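In case you want the letters, here they are:
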Amino acid sequence: MNNILEVNNVVKKYGDYTALNNVSLAVPSGSIYGLLGPNGAGKTTLIRIINQITMPDSGKVLLDGKVLNPNHIQYIGYLPEERGLYKTMKVGEQCLYLAQLKGLSHQEAKKQLQFWFEKFGIQEWWNKKIQELSKGMAQKIQFVVTVLHQPKLLILDEPFSGFDPVNANLIKDEIIELNKKGTSIIFSTHRMESVEEMCNHIALIHKSNKLIEGKLNDVKQQYRSNTFQIGILTNNIEGLMYQLTQKFEVNPTHFKSLNEDIKLEINVGNHSSNELLSILTNFGQVTHFVEKIPSVNDIFIQTVSQ
Amino acid sequence: MNKLFLILKREFIAKVRNKSFIVMTFLSPMLFVGIAVLVGYLSSMNKDKATEIAIHDEGGYVKSTFKNNKDYHYTDISAMPFDIAKDSASKNYEGLLYIPKVDSIQSLKDKVEYISENSASINFIGQVEEKVDSVLTSDRLKNLGLDEQMIVGAKVNSNLKLSKFSGGESLKGLNEIKIAIGGFMGYLIMMFIVIYGNFVMRSVIEEKTNRIIEIIISSVKPFQLMMGKIIGNSLAGILQFLIWIIVGLLLAFVAQTFFGLQLSSNASMSPEMMQAAEQSAGMLKLQSYITEIVNLPLGLMLFCFVIYFIGGYFLYSSLYAAIGAAVDSETDSQQFLLPIIMPLILGVYIGFFTVINDPHGTVATVFSIIPLTSPIVMLMRIPFLEPQHYWQLILSIVLLFGSFIFVVWFAAKIYRVGILMYGKKPTWKELFKWMKY
């Protein structure tokens, strides 16, 4: 599989402070790539380097196999976390201006804008000024401006901030649709549930270093602990507990269920899940049996607090 | 290059469409002419009410020469005894001009008295003295048996010819014109730098507070953005200046024809004298001024104006842009603006005080070569320049453009880092640290 973006051993220092310490990443073509990390980890610096806003002190960035150069600007769409528009400029003119800065011709920009404005049903905003729009409306314009020039790589920094749930969903669907059409997406956010839902690759940066990178499922596999949550209806609790503690590590747990069952979290270690299941079935009716898969949130917190 | 043009166009349009720009552009000349008209009107109203002056001239020596004019109204009260006249004058008149009765008219020389509550204006004193002088002089001429008419006819008005060691002819009054032209150009550059430098700074701050900056610099180089801003704003400025000049001239013309304002009036001369003097001396003067202006190195001046205008404006406005990038709001910018405005003010002062007295003195020469003051000081010196000073001009231009390139480079570095920095106001030390980023 070829990579749309490769970051090789990038170092960036601000005075004495190291913002990125020898970071390497590979974003596969067509992926939705979650770039995670606590505040101040170096995500924004990395994103700015990819956008050629700042230059790395050392290391290379390859887009589509070629060392980053000014022509690459038109292949990247960037939605920064700190974003805004000219307040007193009219929406249409502003979009045209920003699209032309990305390298689109005036006609092409106009054509694309018409498409997106129709798609979002916002044609009547064309002659309004940004200051007359609500924050959510301005965010929509901002999204349109970001994707207008049909970039190969879309970099979204906290794309959902400022959107109400309806519009956030609309934008999410657009992102997924763009991805299906072949756009690779780098997605930097603190909203773990959207990472869980949308990303197929993740990388975690912490204190200027990359700690984790890979396919979401592979990462989860790594962090899998062979722990099962079970629920059982039984009369012989003592017997069950005795048998279980002989072989496994057992802890009480909580989850929502309709039954008055006993809820346990069991680490099976090297044993198979079938062994656990056969013990359980001897004691009563199993109402709940599920492997505890580490969430991105768990992985994040676990890695960062280490 | 294409992107630079896009930015430039946007900056220009944004500036020109701005309501305050439109209001400023069309209102300021009207305001200016309006004030001029108002001042003219008020002072002419003031003159309508002539000052009432009583004359007590029993001997009748000079009272016939005091004629009423629009400034002063004279009343002859010589018939009254002096004491009563004085009493009456203190109540009904602004002042009393007392000419005592004397044996010999010549002894009036130091006897004429003006009595008033408020001290008389210099203008009035001069007028009275002049009239008494002329009466006494013609009396003396008559006693000496000389014909006054012949003496006036025999008077010669000489004209001192000024020339240079280098051979060229120099004309009187040339210095006034040189100072006026040089001063105007230097002052214009300073005003332009201060006003439009500030606009550049505000435009940078606006992009920072709007948070659009990161979107834009992901598409263009910060340097392009900075240059686009500087050029776009300067074009808007040039347009504004052109409009001002045209509208100002039009309004001044209209004001002059409709209100009949006399912009210069010489109070000490009677209208007839003024007319005569204006016609003869004025024509001569005008003629010599025209010759002088034509003799000025106009081509060089225009060329240098353009060169110093470009060099000075870019030098300063890139500094303004760097400051705008370094701060979050206009209020934070004061601390950084002072070191920029100081050399500008210094340049204007040196121009108006030193260049006028000694255009090629050490102070004027040094400051016309230092890049931060040279756009103003050298421009004021240019009308005075002789071929032996051309090396200074060339050195000054070379230094200006050398430092212009350096400052733009330096400002671009600060700008590049500053536009993405939010929060605390940086210190000078931090600004220099940014250069290494």
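The rules behind these values
- Residues numbered from 1 in each chain as written.
- Chains lettered and ligands numbered in written order.
- Predicted model: local features only at pLDDT ≥ 70, side-chain atom pairs only at ≥ 80, totals over all residues.
- Heavy atoms only, no water.
- Buried < 20%, exposed > 50% of the residue type's maximum accessible area, 1.4 Å probe, protein only.
- Helix = DSSP H or I, 4+ residues; strand = E, 2+ residues; numbered from the N terminus.
- Pairing = 2+ DSSP bridges.
- Domains from an automatic or database assignment.
- Phe/Tyr/Trp six-rings, centres within 6.5 Å; stacked < 30°, edge-to-face > 60°.
- Lys NZ or Arg CZ within 6 Å of the ring centre and 35° of its normal.
- Contact = heavy atoms within 4.5 Å.
- Axes fitted to C-alpha atoms, helices over the stretch in contact; angles between N-to-C directions.
- UniProt positions renumbered as here; feature names shortened; annotations may be inferred.
- Salt bridge = Lys/Arg side-chain N within 4 Å of Asp/Glu carboxyl O.
- Polar contact = N/O pair within 3.5 Å; in protein donor to acceptor, adjacent residues only side chain to side chain.
- Nonpolar A, V, L, I, M, F, W, Y, C, P; charged D, E, K, R; others polar.

Asks: When you look at the pairing of strand β3 (residues 95-99) of chain B in this model, what are you seeing that I'm missing?
Replies: Residues and elements named next belong to chain B. Where burial is concerned, most of β3 is hidden: five out of the five residues are buried. Both faces of β3 are covered, namely the face carrying G95, L97 and I99 and the face carrying L96 and Y98. Both strand β1 (residues 51-57) and β3 contribute to a ladder of five bridges, which runs parallel. When the sheet's bridge partners are listed, A54 is paired in β3 with L96. In terms of strand pairing, β3 meets strand β4 (residues 113-116) through four bridges, oriented antiparallel. Residue L97 lies in a different strand from β4, and its bridge partner there is Y114.

Asks: What should I look at first to understand the domain arrangement of chain A in this one?
Replies: By convention, interface size is frequently given as the accessible area that disappears when the constituent parts associate. Looking at chain A, the domain boundaries give domain 1 (3-221) and domain 2 (225-294). Here the C-alpha centre of domain 2 of chain A lies 44 Å away from the C-alpha centre of domain 1 of chain A.

Asks: Looking at this model, I keep getting lost on the packing of aromatic side chains. Mind explaining?
Replies: Geometry of an aromatic ring pair is reported as the spacing of the ring centres plus the angle between the planes. Scanning all chains against the criterion turns up 26 aromatic pairs over all chains. Between F192(B) and Y196(B), the aromatic rings sit 4.8 Å apart at their centres with planes inclined by 25 degrees, giving stacked as the arrangement. One end of the pair is F192(B) and the other is Y196(B), both in helix α6 (residues 174-210) and four residues apart, which spans about a single turn. Since its relative accessible area comes to 2%, F192(B) is described here as buried. An aromatic cluster of three or more residues is present, and its members are F192(B), Y196(B), F199(B), F241(B), W244(B), F305(B), F309(B), Y313(B), F314(B), F401(B) and F404(B). Between the NZ or CZ atom of K140(A) and the centre of the ring of F120(A), over which it lies, the distance is 5.8 Å.

Asks: Help me out: how do you make sense of the environment of Y187(B) in this one?
Replies: Residues and elements named next belong to chain B. Inspection of the secondary structure puts Y187 in helix α6. Considering only alpha carbons, one finds Y187 and F352, 165 residues apart in sequence, at a separation of 9.6 Å. Apart from residues no more than four positions distant in its own chain, Y187 is found in contact with V348, F352 and M380.

Asks: Would you explain the sheet that holds strand β8 (residues 184-188) of chain A in this entry?
Replies: Two modes of strand pairing occur in sheets, parallel and antiparallel, and in both the strands are linked by backbone hydrogen bonds. Residues and elements named next belong to chain A. The six strands are arranged β6-β7-β8-β3-β9-β10 in an open sheet whose pairing can be described as mixed. Only two strands of the sheet have a single partner each, and these edge strands are β6 (76-79) and β10 (209-215). Shown here is a sheet whose adjacent strand axes are inclined to one another by a mean of 15 degrees, direction ignored. Note: strand β9 (residues 201-206) against β10, six bridges, orientation antiparallel. When the bridges of β10 are listed, H206 appears paired with N209.

Asks: Help me understand the UniProt feature "domain: ABC transporter" (unreviewed entry) in chain A, please; the structure alone is not making it clear to me.
Replies: Summarizing the sequence annotation, UniProt attributes the feature "domain: ABC transporter" (unreviewed entry) to residues 5-232 of chain A in the numbering used throughout. The span residues 5-232 of chain A is 34% helical and 30% strand by assignment, and the distance between its end C-alpha atoms comes to 49 Å.

Asks: Is there a simple way to explain the interface of chain B and chain A in this structure?
Replies: Across the contact, 20 residues belong to chain B and 25 residues belong to chain A. At the junction of chain B with chain A, the criterion picks out three salt bridges. The partner of R48(A) in a salt bridge is E214(B), and the shortest N-O contact between them spans 2.9 Å. The interface formed by chain B and chain A contains nine residue pairs in polar contact (both at pLDDT 80 or more). Elements with a minimum of two residues in the side of chain B that touches chain A: α1 (2-17), α6 and α7 (213-217) of chain B. Here the element with the most residues in the side of chain B that touches chain A is α1(B); it accounts for five residues. Of the residues in the side of chain B that touches chain A, the class split is nine nonpolar, three polar and eight charged.

Asks: When you look at the sheet that holds strand β2 (residues 72-76) of chain B in this model, what are you seeing that I'm missing?
Replies: Residue and element names in this part refer to chain B. As summarised here, the arrangement of the four strands in space is β2-β1-β3-β4, forming an open sheet in which the pairing is mixed. Looking at the sheet topology across the chains shown, the edges are occupied by β2 and β4. Within this sheet the neighbouring strands show an average axis-to-axis angle of 25 degrees, counted without direction. Relative to β2, β1 is paired through five bridges, and the arrangement is parallel. Counted as the bridge partner of I55 is D76 from β2. Together, β1, β3 and β4 form the strand contacts of helix α3 (residues 82-92), whose direction differs from that of β3 by roughly 155 degrees. The strands touched by helix α4 (residues 122-143) are β1, β2, β3 and β4; relative to β2, the strand with the most contacts, the crossing angle is about 50 degrees.

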